[in-house]
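# A closer look at the structure
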Amino acid sequence: MASGIEKTDMMLSTEGYSWHHKDILVEEINKETANPLFFDIIESPLMVEIDGQSVPLQGYKSLVADHRKVRPDLAIEDQLIPLHIPKDGYKVIKNADIFHAAEEAIKEVDGKITSIMSLESGKKFALSVNLGNDVLKVNNDEIHAHLNFVSSHDGSLNLKAYDSTIRIVCANTLRWSLEAAGDVGFTIRHTKNAEIALQNLPELVNNILKGRTNFKEVMEYLESCK
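### Focus on the sheet that holds strand β4 (residues 53–66)
- The strand order β3-β4-β5 describes an open sheet built from three strands, whose pairing is antiparallel. The open sheet has two edge strands with one neighbour each: β3 (40–50) and β5 (80–84). Here the average twist between neighbouring strands, direction ignored, is 50 degrees.
- Inspection of the sheet shows β3 paired to β4 by 10 bridges, in the antiparallel sense. If you follow Glu 43 over to β4, its bridge partner there is Leu 63.

Written out as structure tokens, the structure is:
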């Protein structure tokens with residue numbers, strides 16, 4: 001497909017078209033509208049063919065994206081997509097689990113998910129959140145900020161949540177937002193403790209809101225200095 005977009009890639013947005021004019025505009029991003037992005041991931045022992053026999057490769061497994069339940073619009077050959085060959089200790093963090101954790105984390109701060117996407121044939125997942133004060137008015141400047149969540153199923157990214165002035169709408173903005181990420185953030189490795197770590201996301205949101213307030217105060221103070 002054009003612009004490096006694969007057949008299984010999908011983005012939902014509440015703020016207008018922005019993803020090569022291929023995103024789907026919805027009034028609200030919730031578990032129903034975002035369901036097409038919540039594909040299953042099949043974990044299987046890794047088998048190799050040696051002298052005509054299938055032999056398991058000890059210590060490794062294969063991950064395959066299974067879109068059959070959530071993307072009936074796809075052709076049969078596009079519904080099962082290989083993702084990664086990690087070691088056995090690799091923990092899959094499902095897109096649905098990240099979405100649920102983000103929803104829970106922003107309940108108390110009037111947050112709203114404004115974009116959500118699956119990229120690179122399911123290998124990347126991202127969403128951006130408006131925390132209710134995404135436009136910071138500092139002196140005469142308006143600074144737009146979002147809370148971004150990014151993760152991968154191919155070993156290229158840990159699950160990260162961080163404040164950013166870049167709203168993710170495609171693979172390029174995902175990369176740019178990571179390159180420009182500040183110190184206030186949260187990283188979860190794909191290990192057995194991933195579910196426990198996800199429970200700390202509400203604390204992250206509070207830290208980000210405090211950081212924005214401090215930033216505004218510091219910039220206003222600097223503006224007052226001769």
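### Considerations on the side chain of Asp 154
- Note that Asp 154 resides in the loop between β10 (146–152) and β11 (159–164).
- In terms of polar contacts, Asp 154 uses its side chain to reach the side chain of Ser 152, at 3.4 Å.
- A distance of 2.6 Å separates the side chain of Asp 154 from the side chain of Ser 156, its partner in a polar contact.
- Those residues within four positions of Asp 154 in sequence are excluded, and the remaining contacts are Leu 83, His 84, Tyr 90, Lys 123 and Lys 124.

### Section: the packing of aromatic side chains
- According to the stated counting rule, one finds one aromatic pair in the structure shown.
- Their ring planes at 50 degrees and their centres at 5.3 Å tell us that Phe 38 and Phe 99 sit as a pair that is tilted. One end of the pair, Phe 38, is in the loop between β2 (24–25) and β3; the other, Phe 99, is in helix α1 (residues 95–105), and 61 residues separate them in sequence. Each member of the pair, Phe 38 together with Phe 99, is buried.

### Overview of the nonpolar core
- Grouped together as the largest cluster of nonpolar side chains are 28 residues, with contacts concentrated most on Ile 29, Phe 99, Ile 116, Leu 127, Val 129 and Phe 149.
- Elements with a contribution of two residues or more to this core: β1 (10–13), α1, β6 (112–119), β7 (124–130), β10, β11, β12 (185–188) and α3 (194–198).
- Considering every element that reaches this core, the biggest residue donor is α1, with four residues.
- Dropping the residues within four chain positions of it, Ile 116 is found in contact with Met 10, Met 11, Leu 12, Ile 29, Ala 34, Leu 37, Phe 38, Phe 99, Phe 125, Ala 126 and Leu 127.
- The next biggest cluster of nonpolar side chains, apart from the first, holds 13 residues, and it includes Leu 157, Ile 168, Val 169 and Cys 170.

### Considering the pattern of salt bridges
- One pass over the full model with this rule turns up seven salt bridges.
- A salt bridge links Arg 68 to Asp 66, with the shortest nitrogen-to-oxygen separation between them at 2.8 Å.
- Across the pair Arg 71 and Asp 73 runs a salt bridge whose closest N-O atoms are separated by 2.9 Å.
- One continuous salt-bridge network, built from bridges that share partners, spans Glu 120, Lys 124 and Asp 154.

### Here's the deal with unusual backbone geometry
- Unusually for a residue other than glycine, Asp 51 sits at a positive phi of about 50 degrees.
- Tracing the backbone through its elements, the reader meets Asp 51 in the loop between β3 and β4.
- In this structure Asp 51 comes out as exposed when scored by relative accessible area, which is 78%.
- Positive phi outside glycine occurs at Glu 120, with the angle close to 55 degrees.
- Position of Glu 120 among the secondary structure elements: in the loop between β6 and β7.
- The class for Glu 120 is partly exposed, based on a relative accessible area of 34%.

### Observations regarding the environment of Ile 29
- Note on placement: Ile 29 falls in the loop between β2 and β3.
- Since its relative accessible area comes to 5%, Ile 29 is described here as buried.
- A sequence separation of 15 residues divides Ile 29 from Thr 14, and the C-alpha atoms of the two residues are 7.2 Å apart.
- Ignoring sequence-local partners within four residues, the contact set of Ile 29 consists of Leu 12, Ser 13, Thr 14, Ala 34, Phe 99, Ile 113, Thr 114, Ser 115 and Ile 116.

What counts and what doesn't
- Once a new chain begins, its residue numbering starts again from 1 and follows that chain's sequence as written.
- Where local features are concerned, this predicted model is filtered to residues with pLDDT of at least 70; where side-chain atom pairs are given and counted, the filter is 80 or more; whole-chain, interface and lining totals use all residues.
- For the side-chain quantities, the full set of heavy atoms in the structure was used; hydrogens and water were omitted.
- Here the rule is simple: two strands pair whenever DSSP picks up at least two bridges between them.
- Helix and strand assignments follow DSSP, with helices taken as H or I runs no shorter than four residues and strands as E runs no shorter than two, numbered in order from the N terminus.
- Simply put, an axis is a line fit to the C-alpha atoms, just over the touching stretch for a helix, and the angle between two N-to-C directions goes from 0 to 180 degrees.
- Polar contact is defined as a pair of N or O atoms within 3.5 Å, subject to the rule that within protein one atom must be able to donate a hydrogen and the other to accept it, and that residues adjacent in sequence are counted only when both atoms are side-chain atoms.
- Contacts were defined at the residue level, with two residues in contact if any of their heavy atoms lie within 4.5 Å.
- Stacked, tilted and edge-to-face are the three classes assigned to paired rings of Phe, Tyr and Trp, where Trp is represented by its six-membered ring and a pair needs centres within 6.5 Å; plane angles under 30 degrees give stacked, over 60 edge-to-face, the rest tilted.
- Working definition: with a 1.4 Å probe on protein chains only, accessible area under 20% of the residue-type maximum means buried, over 50% means exposed, and in between means partly exposed.
- For this analysis, a nonpolar core means a set of buried residues of the types Ala, Val, Leu, Ile, Met, Phe, Trp, Tyr and Cys, connected via side-chain atoms within 4.5 Å.
- Throughout this description, the term salt bridge denotes a Lys or Arg side-chain nitrogen within 4 Å of a carboxyl oxygen of Asp or Glu.

So, to be careful, I would describe these as geometric facts and stop short of saying anything about function.
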